[in-house]
Amino acid sequence: MAQTQVLWNKEIEEIKDSGYLNENISITDALIENFYNEIMCPEEKDLMDVIFSTNPTQEDLEKVLQRWDIEVKQGSKSLLLAYFMKKHPELDFHKYNAPRLNGLLLNLRFKNLQITAHYKKIGQELNKHNITPLIIKGGAMRYLIPDLPRYMGDIDVLVPAKSWKKAEKVIKNLGYYPKKLDVHSFDVLENKDSEYGILDIHKFIFMETNKKTQWLKGLFKRAEEKEIFGVKTLLPSMEDLMFITLTNLASNLRDHKSQAGILFALFDCKYFLESKPDFDWDIVKKDAKKTGTEVQINFAIKFINKISENIIPKEIQHDMLFEKETNDYSRVVMFKRFYYAELQKECRSMKIADVVKNPASLGKYLKLKTKYKTLKLLGNHPKLIEIFIKDLNKVYSTVNKDK
């Protein structure tokens with residue numbers, strides 16, 4: 001090869017697959033196309049088309065059922081089909097599908113009850129100590145749409161920062177085990193040996209910006225006090241739930257997490273808009289501005305539009321979509337997803353003790369660590385990353401030429 005290769009061949013092929021090497025497409029559109037194809041096989045595309053259709057017909061449903069086998073498909077994705085069945089009792093799901101979809105709903109309803117029972121016990125104790133949790137994500141949706149259970153690993157809540165340590169102590173005194181995750185949240189486990197958490201207690205929502213707490217005052221102020229699963233709980237406004245859903249969608253796309261959760265986000269966005277005719281998008285915009293997440297919101301909306309144009313109103317699309325800053329954000333996403341994530345994982349698994357035991361691995365160790373440290377310096381600098389990614393075209397051209 002005539003020039004030093006910056007990336008591995010595998011990385012070059014992944015970027016090529018994303019469409020970025022196509023000069024006729026922006027980096028944001030290339031990434032969205034890549035994520036869309038990664039998440040949506042033909043069956044998922046048919047399913048989302050019928051779910052978000054303004055007037056679904058039996059013929060539309062038959063197209064989905066011909067290829068969708070709920071015995072094979074991931075349960076969380078089949079759950080979306082079960083939701084659709086509940087919403088459209090006029091359609092025939094046939095003797096094979098209907099009982100299985102109802103069974104899925106019943107099974108999840110039972111599992112949800114197990115988690116909400118823990119929430120009731122913990123939440124009532126928090127209430128006794130003058131702590132009112134604010135419920136978000138899946139727990140909030142479970143309350144808002146009780147007939148449609150969902151996969152919930154845990155229930156996410158926020159408490160005011162001044163009450164966060166107090167909440168941890170209360171929970172510990174109840175016999176649960178609080179496991180600190182990071183500076184802003186801890187998991188609540190049944191005991192120290194439990195594999196999964198029941199609750200995730202936050203004092204703020206991590207958003208990869210320096211402004212993650214500036215909007216919390218408005219969030220708590222707009223929230224309405226409800227009795228949720230037997231606990232005095234704050235329920236955020238539909239607008240704030242929309243904002244949280246969009247930022248979480250962008251995060252899941254960026255970090256390659258929860259494919260089914262990404263599809264549920266679309267279902268939730270549609271619910272927020274349909275259940276509140278006077279939905280105020282200005283609140284979402286202000287949340288984004290206060291937290292510095294405008295580009296994440298923009299990216300999430302663009303992805304939603306790729307799947308269905310029947311969710312986000314056209315006037316909002318025109319008002320909230322902007323290109324330059326989102327392309328900068330997309331470069332950072334591409335850098336972290338395709339260049340950096342696997343390298344980081346591999347480097348972290350390489351220990352100096354292993355090199356001492358196997359001196360022959362020293363060359364590989366130094367090469368990977370040097371590459372890792374070099375890429376890490378780029379960090380969150382879109383302009384530097386832009387220069388780096390531009391070099392990819394030269395690398396790819398050289399690789400092709402040498403082949």
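Just above sits the structure.
Reference entry: report on the structure contained in this document. Computed from a predicted structure; not experimentally measured.

## Some details on the overall build of the protein chain
Logical step 1: Check the secondary structure of the protein chain and you find 18 helices and seven strands.
Logical step 2: By residue count, 51% of the 403 residues in the protein chain fall in the buried class.
Logical step 3: Sequence-distant contacts, at least 24 apart, represent 69% of the contacts inside the protein chain between residues at least 6 apart.
Logical step 4: With the model as given, the accessible surface of the protein chain reaches about 20400 Å², and the carbon-plus-sulfur share is 51%.

## Examining helix α4 (residues 58-65)
Logical step 1: Those residues of α4 that sit buried are L61, V64 and L65. Along the axis of α4, the buried residues cluster in a sector spanning 95°; they form a single face.
Logical step 2: Buried-residue contacts for α4 involve α3 (42-51), α5 (75-87) and α6 (94-128).

## Regarding the packing of aromatic side chains
Logical step 1: One pass over the structure, following the stated rule, counts 10 aromatic pairs.
Logical step 2: Both rings, one in Y119 and one in F229, keep their centres 6.1 Å apart while their planes meet at 90°; by these two values the pair is edge-to-face. One end of the pair, Y119, is in helix α6; the other, F229, is in the loop between β6 (224-228) and β7 (231-235), with 110 residues separating them in the sequence.
Logical step 3: Between the aromatic rings of Y271 and F272, the centroid separation amounts to 6.3 Å while the plane-to-plane angle is 70°, which identifies the pairing as edge-to-face.
Logical step 4: Each residue in the set F35, F299 and Y329 is aromatic and connected to the rest through ring pairs, giving one cluster.
Logical step 5: Positioned above the aromatic ring of Y96, the side-chain terminus of R100 is 4.0 Å from the ring centre.
Logical step 6: Directly above the aromatic system of Y36 lies the positively charged group of K306, at a separation of 5.2 Å from the ring centroid.

## Concerning the side chain of T116
Logical step 1: Among the secondary structure elements, T116 is positioned in helix α6.
Logical step 2: Non-local contacts of T116, meaning those with residues more than four positions away in its chain, are made with I155 and F229.

What counts and how
Residues numbered from 1 in each chain as written. Predicted model: local features only at pLDDT ≥ 70, side-chain atom pairs only at ≥ 80, totals over all residues. Heavy atoms only, no water. Helix = DSSP H or I, 4+ residues; strand = E, 2+ residues; numbered from the N terminus. Buried < 20%, exposed > 50% of the residue type's maximum accessible area, 1.4 Å probe, protein only. Contact = heavy atoms within 4.5 Å. Areas by Shrake-Rupley, 256 points an atom, 1.4 Å probe, with all protein chains shown as cover. Arc of directions from axis to C-beta. Phe/Tyr/Trp six-rings, centres within 6.5 Å; stacked < 30°, edge-to-face > 60°. Lys NZ or Arg CZ within 6 Å of the ring centre and 35° of its normal.

No statement about biological role is implied by the geometric values presented.
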